[in-house]
Amino acid sequence: MDYLEKIIVDISETLKNKDFKEALESSVPMSEKRVLDFLNAHSEIPKLAKEVEEIKNKVLSNIDYYIDRVMESLKFINGNPHYAETKDDALDVLDKIIGEKKKIILSKSMVAEEVGVREHLEEIGKEVWETDLGQLLIQLEKGKPMHAIAPAIHMTVNDVIKLVKSKLNIELKGDENPQQIVAKIRPFLREKFINADVGISGANAISADSGSIFLIENEGNIRLVTTLPPLHVAIAGIEKIVPTLLDAFKVVLVQSSYAGLYPPTYVSMISGPSSTGDIGHRRVYGAHGPPEMHLILLNNGRKQAIRNDVLRDQLRCIRCGNCQIFCPVWDITANKWGGKVYGGPMGVGWTAITEGIEKGAELSQLCLGCMRCDTACPVDIPLSSLIHKLKMSYFYI
């Protein structure tokens, strides 16, 4: 059975799952309406999205310069920059940074999923916990994220209750509402936050001029992941780089808006490790936050995609997940229509970049060509055209 056949079989089985169908039907239409209503009421956001498109194109046209600029800027603020060509390189760097430290907490990161950070660390004997509630459910399920922003969008409340009871031994009666479930998971995760040796995050944007990383969230877990442990490691694709601090704020505003999460509850800007100059007027590191901070910039096919006329545009993607919500195929399959990590319209291109054009071309065969994804993308990635070109290439691979 080849790759495409396996995907089709998996989707066919999924379509028979009533709970999976119920979960998507209860959330997807509401998400699409929420984004459209917000954008209709805030005409300044689509204009800002156009600026983000131009910012992204500027960086992609001179990527090596901006990578070097980030690394120089981060060193200047006492951070530790690293460059990883491949997933294995990224894991090697991570192993060296972590060393013998045992307890690790993660915030939601699609690049960490792409690299296989959690699985790798578990295999070498580390205790690893996802702290985003949706991503924690994915860890317990031993599955993959089903949406760029809402990884557990395919689970009903009853699914969550069963999973949490069986995997975490947290007592749930079966009729709890989401508020009650969250309240019972909170103490479990609090203990993980407090005792962690290492916190690993992603990055929504990275400003080249300052070396600062920007993170958006609603739960508050990212702030704890990046400030409570004595060591913070961020891992991000090179396409997350933008020229300036102001550009990074623009990305944050556009991503949260098109994800239907505006305004985000928390936006963190992290510029190196924790420090203070309050004693003797000398700057020292490790006040209340971590004294050590690292950033791993990952290529993993991205530079090659910049030189590819078909895939280059995909690198503008800000991972808002809006194209997924608008897609009629994704609406019934979620990221079952996708590669190891990335699914839906954006997932076809990202799978081609990170797993190979052959796999992206196979996934493209399931696209209906309705072009709704084009209207959903805030940075005007011609998704339907990109997918169509991959679809045509399938017959010549």
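Refer to the structure printed above.
Just so it is clear, the structure is predicted and the values come from calculations on it, not from any experiment.

Quick notes on the rules
Residues numbered from 1 in each chain as written. Predicted model: local features only at pLDDT ≥ 70, side-chain atom pairs only at ≥ 80, totals over all residues. Heavy atoms only, no water. Helix = DSSP H or I, 4+ residues; strand = E, 2+ residues; numbered from the N terminus. Rg over C-alpha atoms; globule rule 2.2 N^0.38 Å. Buried < 20%, exposed > 50% of the residue type's maximum accessible area, 1.4 Å probe, protein only. Core = buried A, V, L, I, M, F, W, Y, C linked by side-chain atoms within 4.5 Å. Contact = heavy atoms within 4.5 Å. Pairing = 2+ DSSP bridges. Axes fitted to C-alpha atoms, helices over the stretch in contact; angles between N-to-C directions. Parallel < 35°, antiparallel > 145°, perpendicular 65-115°, else oblique. Left-handed = near helix turned anticlockwise from the far one by under 90°. Disulfide = S-S within 2.5 Å. Patch = residues over 30% accessible without salt bridge, like charges linked within 9 Å, V, L, I, M, F, W, Y side chains within 5 Å. Areas by Shrake-Rupley, 256 points an atom, 1.4 Å probe, with all protein chains shown as cover. Salt bridge = Lys/Arg side-chain N within 4 Å of Asp/Glu carboxyl O. Lys, Arg positive; Asp, Glu negative; His and termini not counted. Charge placed at Lys NZ, Arg CZ, Asp CG, Glu CD.

Q: Help me out: how do you make sense of the overall build of the chain in this one?
A: Counting its regular elements, the chain contains 19 helices and twelve strands. Expected size for 397 residues packed as a compact globule is a radius of gyration near 21 Å; at 21 Å, the chain falls within 12% of this value. When the backbone C-alpha atoms are referred to their principal axes, the chain occupies close to 65 × 55 × 45 Å. In the chain, buried positions account for 56% of the 397 residues.

Q: When you look at the nonpolar core in this model, what are you seeing that I'm missing?
A: A general trend in soluble globular proteins is that nonpolar side chains are found buried together. Grouped together as the largest cluster of nonpolar side chains are 105 residues, with contacts concentrated most on V117, I200, I213, L295, I296 and L297. Ranked by the residues each element gives to this core, the list is headed by helix 3 (residues 44-60), at seven residues. Once residues lying within four places of it in the same chain are set aside, the contact partners of I296 are H82, A84, A90, V93, L94, I97, V233, A234, I235 and A236. With 23 residues, the next largest nonpolar core counts M155, V160, V164 and I181 among its residues.

Q: Help me understand the sheet that holds strand 5 (residues 205-207) in this model?
A: Within a sheet, each strand pairs with its neighbour through backbone hydrogen bonds, oriented either parallel or antiparallel. Pairing within the open sheet is mixed, and its four strands lie in the order 8-5-6-9. In this open sheet, the two strands that pair with only one neighbour each are strand 8 (241-242) and strand 9 (266-270).

Q: It is not clear to me how the packing of helix 16 (residues 344-355) against helix 19 (residues 383-393) should be interpreted in this structure. Could you clarify?
A: Contact geometry for helix 16 and helix 19: axes closest at 9 Å, N-to-C directions at 50°. Overall, the two elements helix 16 and helix 19 adopt an arrangement that is oblique. Crossing of helix 16 over helix 19 shows left-handed handedness. Listed contacts from helix 19 to P345, M346, V348, G349 and A352 of helix 16 are L383, L386, I387 and L390.

Q: So what exactly am I meant to see when it comes to the state of the cysteines here?
A: Throughout this description, disulfide means a covalent bond between two cysteine sulfur atoms. This structure, assessed with the given rule, holds zero disulfides. Free cysteine C367: the closest other cysteine sulfur is in C373, separated by 6.2 Å. Of the residues examined, C367 reaches a relative accessible area of 16% and is grouped as buried. Lacking any disulfide linkage, C377 is separated from the closest cysteine sulfur, that of C320, by 6.6 Å.

Q: I keep staring at the sheet that holds strand 3 (residues 127-130) and nothing clicks. Help me out?
A: Read from one edge of the open sheet, six strands run 1-12-7-4-2-3, paired in parallel fashion. Two strands close off the open sheet at either side, each with one partner strand: strand 1 (80-84) and strand 3. Going across the sheet, the axis of each strand differs from the next one's by a mean of 20°, ignoring polarity. The pairing of strand 4 (residues 198-201) with strand 7 (residues 231-237) spans three bridges and is classified as parallel. Residue pairing for strand 7: I200 is matched across the bridge by V233.

Q: Explanation requested: a negative patch on the surface in the structure shown.
A: A contiguous patch of negative charge, built from E85, D88, D89 and D92, is present on the exposed surface. Note that D92 resides in helix 5 (residues 87-98). Residue class for D92 comes out partly exposed when judged on its relative accessible area of 40%.

Q: Explain unusual backbone geometry here, please?
A: For the bond from Y262 to P263, the omega torsion is -10°, close enough to zero to count as cis. Within the element layout of this structure, P263 appears in the loop between helix 12 (245-258) and strand 9. Even without a glycine there, the phi angle at N300 is positive, about 50°. The residue N300 is located in the loop between strand 12 (292-298) and helix 13 (302-306) in this model. Classification of N300 as buried rests on a relative accessible area of 11%. The phi angle at M371 is positive, at roughly 75°, despite the residue not being glycine. You can see M371 is positioned in the loop between helix 17 (357-364) and helix 18 (372-376).

Q: Is there a simple way to explain the environment of A49 in this structure?
A: Take A49: it is sitting in helix 3. Residues A49 and Q255, spaced 206 residues apart in sequence, show a C-alpha to C-alpha distance of 8.7 Å. Setting aside residues no more than four positions away along its own chain, A49 makes contact with V254, Y258, P378 and V379.

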